[in-house]
Amino acid sequence: MITDWLAHTGLFALALAVVFLPGLLLGLALRLRGLVLWAAAPGISVGLLAVLAIVYSFLGIRWGHLSVGVGVVVIGALLYALSLLVGRGRGSTGGRLSLPRPRSRVPNLLLFAGLVVGGALNAARLMTYVGLPGALSQTNDAVFHLNVLRWISETGTASSLDVSGLIGGTTFYPAAWHAVTSLVALDVAQIPVAANMVSLVIAAVMWPLAIALFARVVSNGNRAVTALAAALSAGLLAFPQLMFEWGVLYPYALSLAVIPAAAALTIDVVRIWMGAAPGEKARRAIGIAVATVLAVAATTLSQPSSVLVWGVLVMLWLTGTVLRRYRTADRVFRRRSLVVLLGGWAAVVAVWLALAYLAGHVLWRSYRGIPGALVDVILNSHSLLPPAWGMSALLIVGLVIAVRAPRLRWLVVAWAGISLLYVISVATDLPVVKRVLTGPWYGDSFRLAAVVPLIVVPLAAVGLAAVIRVVARRWSDVSVLARTPLTVISMAVIAVVGVIGVIIAPVVLLRVAAETDEQSRYAMDADSYLSTDEYALLRELPDLIPEDAVIIANPSTGAAFAYVLGDRDIIPRTWSPPQSQAWDTLAVGLRDAGDDPAVCEALAAYGAPEYVLDFGIGGTGPGEYLMPGMTGFEGQPGFDEVAREGEASLWRITACD
């Protein structure tokens, strides 16, 4: 398996370049440096690319490597000119966080080690679950996301205002992930590999960097906590691993990987603004502020609900900071702080309610009792994942430390808040409460569970650093038990435990309510969502039918993958069927087209497709539809068999000629 991944090293390098290079260029222009530069770069890149895609669509500029490269260079030059114009004072922090700077290279070496440990474990877990680099996520959502990538290559636009055109829509759809991944897919045939390479970059590189920066900021520059958070970034399956299994939620995974860096940057901008002299505020904060805006744009244009996580984290920190200073502050500070807090929380509530409303009434039903949900919270076994015993123990220590440390108490509130939302989503079915509080996440416990590591990992790192500190103090006369050696030993233990976990359980199967997956959702066989026979037939389509041919099929059988895998148009291009009387007629009676003129009229409503894929009748599970009219064509008048692979077949519709 590893040799297959190594064979695509070039595409992985391209994914790294797309995700990091624009952000590094702009970050350097903004004079960002060190960890803040590397952790902020992906958010800057994604935000810039998502905004560029919208602008290019308005200007009629085709989306591609050349146009994007020119745009990035031009914007980088403009930002560099802006940084020169604004200038820097002597007291400027430039792009460095307003935190203590290390006096030696040891902290940086520890951070590098932590990033290697966390990144390698995340990569190992993801690659063993996916299997082959070209494997497809056998899920409904993958149909839409991968088909969008082919649509972008055809239309030349990756705008969030355009991509719903894949299914004939004209509404906004967050397309940051699609804009990024479309630049990694050099041709249509590489789209599945490109999607997996971007997933690997998110899990193994983006996430460890982002959570390390966040831990550094919330711990007020504690270098041990920073390095340990990077190493512990693979400690929970809820993120990033779960988002590449459930859904599949590529855009949501991207947005969550950006949030820690976006929150850290925002916090530091506020710290600079609160601490700098009046004439120095803009000069000192401009670089990080611009990076913050782009990172927040990245989150919003990847998955809008994630901007709530960013907003709540920042407002909780700000509220805690103001409350600590409130008693000793002057009247001006109190008045301004109250205005900012009221305005900030009002904005969070407004966005929360708007997203809950826009999500509609689609809410996932409960499948756990409240006691079981509370156990999930304590053991970090959210959404029926295996308990994370070590992380849970460290979390408890971290919570105790945070309760006793005024600067960290807001993290305890954040942990309690996300835990409450999880319990509501997984253990209750109160329609109003569930929609208002969890509606932005569709009441989906899996989506909410994925938010938990953003808070638990820093708390666990705080807990582990506290344990190291106590041991080092207790045995101060033993050199090997000094803080730095203990930190190294701790990371070695994390690595060993992680490797053993991957070896013992290379594929942790997803459990949904009372059902457990039988295999990875990327595995393909006779019983998978898209079977091996169906996959083979889709790959043969370019040799079987004309380039301008249009196919129709039951989309919930995986047949809609024909658009990206078979390079031929299909109706519909997503997993859900159109809502119309004409489609209802076809779903029930397409096979009777030779005897029923109403069927030909219904086909005409969809442009009279000439071919139909028979991948079976469909199903009755979530996202599945029974369509007896789109199967069983053998012996039916008006249908000629074109090709067959096992039970999968392609037919030409002659009944309406």
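These remarks concern the structure in this document.

So, how was this worked out
- Residues numbered from 1 in each chain as written.
- Predicted model: local features only at pLDDT ≥ 70, side-chain atom pairs only at ≥ 80, totals over all residues.
- Heavy atoms only, no water.
- Helix = DSSP H or I, 4+ residues; strand = E, 2+ residues; numbered from the N terminus.
- Buried < 20%, exposed > 50% of the residue type's maximum accessible area, 1.4 Å probe, protein only.
- Contact = heavy atoms within 4.5 Å.
- Lys, Arg positive; Asp, Glu negative; His and termini not counted.
- Charge placed at Lys NZ, Arg CZ, Asp CG, Glu CD.
- Expected span 1.5 Å × (residues − 1).
- Bend = angle between axes of the 7 residues up to and from the residue.
- Phe/Tyr/Trp six-rings, centres within 6.5 Å; stacked < 30°, edge-to-face > 60°.
- Lys NZ or Arg CZ within 6 Å of the ring centre and 35° of its normal.

Here we look at the overall build of the protein
In step 1: For the protein, the count of helices and strands is 23 helices and 7 strands.
In step 2: Projected onto the principal axes, the alpha-carbon positions of the protein cover approximately 85 × 55 × 50 Å.
In step 3: Sorting the 657 residues of the protein into buried and exposed places 56% on the buried side.
In step 4: Put simply, 73% of the contacts in the protein that link residues at least 6 apart link residues at least 24 apart.
In step 5: Here the protein contributes 44 positive and 40 negative side-chain charges, whose respective centroids are spaced 33 Å apart.

Some points on helix 2 (residues 9-29)
In step 1: If you check helix 2, its first and last C-alpha atoms are 29 Å apart, about what 21 residues at 1.5 Å a residue would give, namely 30 Å.
In step 2: Roughly 35 degrees is the biggest bend found in helix 2, and it falls at Phe20, with proline Pro22 one to four residues downstream.
In step 3: Of all the residues in helix 2, the buried ones are Leu11, Ala15, Val18, Val19, Phe20, Pro22, Gly23, Leu24, Leu26, Gly27 and Ala29.
In step 4: After helix 2 finishes, the residue Arg31 shows a positive phi value of roughly 65 degrees.

Observations concerning helix 3 (residues 34-59)
In step 1: Under the 1.5 Å per step criterion, the end-to-end length of helix 3 is 36 Å for 26 residues, consistent within 8% with the ideal 38 Å.
In step 2: In the structure, helix 3 departs most strongly from a straight axis at Ala40, where the bend amounts to approximately 40 degrees and where the proline Pro42 lies between one and four residues downstream.
In step 3: Of all 26 residues in helix 3, 19 are buried, a share of seventy percent or more.
In step 4: Count one or two residues on from helix 3 and you reach Gly60, which has phi positive near 75 degrees.

Some thoughts on the packing of aromatic side chains
In step 1: Evaluated as defined, the whole model comprises 15 aromatic pairs.
In step 2: With centroids separated by 4.7 Å and ring planes inclined at 40 degrees, the aromatic side chains of Phe633 and Phe639 adopt a geometry described as tilted.
In step 3: Of the residues examined, Phe633 reaches a relative accessible area of 1% and is grouped as buried.
In step 4: Phe639 sits in the buried class, given a relative accessible area of 6%.
In step 5: Relative to Trp651, the ring of Phe633 lies with its centre 6.1 Å away and its plane at 45 degrees, an arrangement referred to as tilted. Of this pair, Phe633 sits in the loop between strand 5 (611-614) and strand 6 (639-645) while Trp651 sits in strand 7 (residues 648-653), and the two are 18 residues apart along the sequence.
In step 6: You can call Trp651 buried: its relative accessible area is 5%.
In step 7: Among the aromatic residues, those joined into a ring-pair cluster are Trp246, Trp364, Tyr367 and Phe446.
In step 8: Note that Arg150 overlies the ring of Tyr563, its terminal NZ or CZ placed 4.1 Å from the centroid.
In step 9: A cation over an aromatic ring shows up here: Arg474 above the ring of Trp475, its NZ or CZ 5.1 Å from the ring centre.

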